[in-house]
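Commentary on secondary and tertiary structure
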Amino acid sequence: MTQSIIIDCDPGVDDAIALLLAFASPDLKVLGITTVAGNVPLTLTQANARRICELAGQTTVPVYAGCPRPIMRSLTTAEDIHGKTGLEGVELPEPTMPLQPQHGVDFLIETLMNSAGDIILATLGPLTNIAIALIKEPRIAAKISKLVLMGGSTTEGNVTPSAEFNIYVDPHAAHVVFTSGIQITMIGLNVTHQVLTTAARRERIRAIATPVSQVAADLLSRYGTQEVERGMAGSPLHDPCVIAYLLQPDLFTGHPVFVEVETGSELTMGRTVVDAWRRGDRPPNANVIQTVDANGFYDLLTTRLARL
Ligand code: RIB
Ligand code: CA
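The sections below set out a description of the structure shown in this document. Just so it is clear, the model here is predicted, and its values are computed rather than measured.

**Points about the sheet that holds strand β3 (residues 63-65)**
Spatial strand order, β3-β2-β1-β4-β5-β6-β10-β7: 8 strands in an open sheet with mixed pairing. Sheet topology places β3 and β7 (252-257) at the edges, where each strand pairs with a single neighbour. Shown here is a sheet whose adjacent strand axes are inclined to one another by a mean of 25°, direction ignored. Alignment of β7 against strand β10 (residues 286-292), held across 6 bridges, turns out to be antiparallel. By the bridge assignment, Pro256 is partnered in β10 with Asn287. Helix α1 (residues 13-23) rests against β1 (3-9) and β2 (28-35) of the sheet, and its axis sits at about 155° to β2.

**Considering the coordination of the calcium ion (ligand 2)**
Within the protein, the calcium ion (ligand 2) binds to Asp10 (OD), Asp15 (OD), Asp15 (OD), Leu124 (O) and Asp239 (OD); these donor distances fall in the range 2.2 to 2.6 Å. Take Leu124: its relative accessible area is 1%, and that puts it in the buried class.

**Let's talk about the site of ligand 1**
Surrounding ligand 1, one finds 13 residues, the nearest of these being Asp14, Leu124, Glu164, Asn166 and Asp239. Out of a free accessible area of 270 Å², ligand 1 has 97% covered by protein chains. In this structure, ligand 1 is accommodated by the largest pocket. Where the shell around ligand 1 is concerned, the elements lending two or more residues are α1 and α6 (165-169). The class makeup of the residues in the shell around ligand 1 is 3 nonpolar, 5 polar and 5 charged.

**Thoughts on the pattern of salt bridges**
Under the criterion given, the structure shown has 10 salt bridges. Measuring nitrogen to oxygen at the nearest pair gives 3.7 Å for the salt bridge that ties Glu227 to Arg230. Exposure remark for Arg230: the relative accessible area of 63% places this residue in the exposed category. Linking Glu260 and Arg282 is a salt bridge whose minimum nitrogen-to-oxygen distance equals 3.1 Å. With Glu260 in strand β8 (residues 259-261) and Arg282 in the loop between β9 (272-274) and β10, the pair connects residues that are 22 residues apart, well separated along the chain. Since its relative accessible area comes to 33%, Glu260 is described here as partly exposed.

**Some details on the layout of surface pockets**
Once rolled over the atoms, a probe with the size of a water molecule shows which space is left empty. Space inside the largest pocket adds up to approximately 480 Å³. Elements supplying a minimum of two residues to the lining of the largest pocket: α1, α3 (79-82) and α6. Ranked by residue count, the leading element in the lining of the largest pocket is α3, at 3 residues. Residues of the lining of the largest pocket, tallied by class, amount to 10 nonpolar, 11 polar and 8 charged.

**Section: the packing of aromatic side chains**
To describe a pair of aromatic rings, you give the distance between the ring centres and the angle between the ring planes. Within the structure shown, the criterion is met by 3 aromatic pairs. On the basis of an interplanar angle of 15° and a centroid distance of 4.0 Å, the ring pair of Tyr64 and Phe107 is categorised as stacked. In this pair, Tyr64 sits in strand β3 while Phe107 sits in helix α4 (residues 104-113), placing the two residues 43 residues apart along the sequence. Taken as a pair, Tyr64 and Phe107 share a single burial class, namely buried. Measuring from ring centre to ring centre gives 5.0 Å for Phe297 and Tyr298, while their planes differ by 90°; the resulting arrangement is edge-to-face. On the accessibility criterion, Phe297 (0% relative accessible area) is buried. Over the face of the ring belonging to Tyr168 we find Arg73, whose NZ or CZ atom lies 5.2 Å from the ring centre.

**What to know about helix α2 (residues 42-55)**
Spacing of three or four residues puts side chains on the same side of an α-helix, whose turn is 3.6 residues. Between the first and last C-alpha of α2 there are 20 Å, a value that for 14 residues agrees with the 20 Å anticipated at 1.5 Å per step. The buried fraction of α2 is high, at 10 of 14 residues. When α2 is considered as a whole, its buried residues turn out to be Leu42, Thr45, Gln46, Ala47, Asn48, Ala49, Arg50, Arg51, Ile52 and Cys53. In this fold, the buried residues of α2 make contact with α1, β2 and β3. At the C-terminal side of α2, Gly57 shows a positive phi close to 70°.

**As for the nonpolar core**
If you look at the biggest cluster of nonpolar residues, it comprises 60 residues, and the most contacted ones within it are Ile7 and Ile33. The element contributing the most residues to this core is α1, with 9 residues. Leaving out residues up to four positions away in the same chain, Ile33 has contacts with Ile7, Cys9, Leu19, Phe23, Ala49, Cys53, Val61, Pro62, Val63 and Tyr64. Listed in part, the 35 residues of the second largest apolar core include Ile6, Val105, Val176 and Val274.

**A word on the pairing of β2**
Judged by how many residues are buried, β2 sits mostly within the fold: 6 of 8 residues are covered. Here β1 pairs with β2 via 7 bridges, running parallel. Bridge pairing in β2 places Ile6 opposite Gly32. For the handedness criterion, the β-α-β arrangement of β1, α1 and β2 is classed as right-handed. Both β2 and β3 contribute to a ladder of 3 bridges, which runs parallel. Paired with Thr34 across the two strands is Tyr64, which belongs to β3. Where the polypeptide runs from β2 across α2 and back to β3, its parallel neighbour, the crossover connection is right-handed.

Parameters at a glance
Residue positions within a chain follow its written sequence, with the count starting from 1. The lettering of chains begins at A and the numbering of ligands begins at 1, in the order of writing. Only residues with pLDDT of at least 70 get local features here, since the model is predicted, and only at 80 or more are side-chain atom pairs given and counted; chain-wide, interface and lining totals rely on the full set of residues. Heavy atoms throughout the structure, all of them, feed into the side-chain values; hydrogens and water do not. We treat two strands as partners when DSSP finds at least two bridges between them. In DSSP terms, a helix is any run of H or I states spanning at least four residues, a strand is any run of E spanning at least two, and both are numbered starting from the N terminus. Note on geometry: axes are C-alpha line fits, over the in-contact stretch for helices, and angles between N-to-C directions span 0 to 180 degrees. The criterion used for residue contact is that any of the two residues' heavy atoms lie within 4.5 Å. As a rule, N, O and S atoms within 2.8 Å of a metal are its donors, except that Na, K and Ca use 3.2 Å; water is not among the atoms, so sites may look incomplete. Partly exposed describes any residue whose relative accessible area lies between the buried limit of under 20% and the exposed limit of over 50%, with all areas from a 1.4 Å probe on protein chains only and scaled to the type maximum. Nearness is judged by heavy atoms alone; a residue qualifies as near a molecule or strand once a single heavy atom is within 4 Å of it. The method behind every accessible area is Shrake-Rupley, applied with a 1.4 Å probe, and residues are considered shielded solely by the protein chains displayed. Any residue with an atom within 4 Å of a point lines the site, the site being either a cavity, points on a 1 Å grid over the protein atoms alone where a 1.4 Å probe fits but cannot get out, or a pocket, an open set with protein on both sides within 12 Å along at least 5 of 7 lines. The rule for placing a molecule in a cavity or pocket is simple: more than half of its atoms must lie within 2 Å of the grid points. Under the grouping applied here, Gly and all other residues not named as nonpolar or charged are polar, the nonpolar ones being Ala, Val, Leu, Ile, Met, Phe, Trp, Tyr, Cys and Pro and the charged ones Asp, Glu, Lys and Arg. A side-chain nitrogen of Lys or Arg and a carboxyl oxygen of Asp or Glu constitute a salt bridge if their distance falls within 4 Å. Grid points are joined across faces, edges and corners, and a volume is the space filled by probe spheres set on the points. Ring geometry is summarised as follows: Phe, Tyr and Trp rings, the Trp one being its six-membered ring, pair when their centres sit within 6.5 Å, and such pairs are stacked at plane angles under 30 degrees, edge-to-face over 60 and tilted between the two. In our convention, an over-ring charge means Lys NZ or Arg CZ found within 6 Å of a ring centre and within 35 degrees of that ring's normal. Helix span, as expected, comes to 1.5 Å for every residue beyond the first. Grouping buried Ala, Val, Leu, Ile, Met, Phe, Trp, Tyr and Cys residues that are joined through side-chain atoms within 4.5 Å yields what is termed a nonpolar core. When the strands point away from the viewer and the path from the first strand over the helix to the second turns clockwise, the crossover is right-handed.

As structure tokens, then:
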């Protein structure tokens, strides 16, 4: 059954791979892409989203620019991971497909309010757009079928010892989303660090030998080696896990728990505090994913990329 989704993202190398996986999957109907400041500033994330749409021949998918900064904090970016352009490793031409004139937040509100309530939100970056949309029009919460997000962690952080990047960049937005009542599935670093871009997996993608797979392999070439310098077998391929979950949820396991976002302490700012042992009396507000079949994930990614 085709799932209608809106992807909110901050491309970003792993966002780009996630977009390609979505475009390669007819089980997903991408109603639109909203972009947010995160890995790189909004001027780049919105252009990069359009570059990836054009690469995949998806120029009819509308791309919107959303919020250029977090709600309260100043923007933290991640050029060290994604490069100054946000798509380190490839030179894609300036996009010619238009950026939609409507603000991404208003696109989210309008589309959700006019829907039958069957739209899934797939978020791959800081949650600023989603939070602002919820504040501007709270009724969209009941219109979101489910929200699958890459963010948070049940273990360590990656931008601080406590916090994962997407949540850390805009912890106040994450607080709004996690207290919204929306059906959330959280795919955190504890999961994405199980799907490392090893050399063998990168070469398998390169061996597809299509223009799109070459770009994907080039994107993963530098990205994929960064963690190797720290002794890991590859880099965690975060954002495609969200799309893979929508396509093949049985690759993952998780359970419903209560999650709260730290917005007070600077030491643990942006940490997702996961009440795994139900120490508190608050009911679960998220399905927190714990495991992924890494080989199954890369089988899915590689076979789908070969379709583009
Ligand atoms: O922490 C990883 C997340 O932060 C990914 O979504 C990556 O693209 C960055 O946005
Ligand atoms: Ca991202």
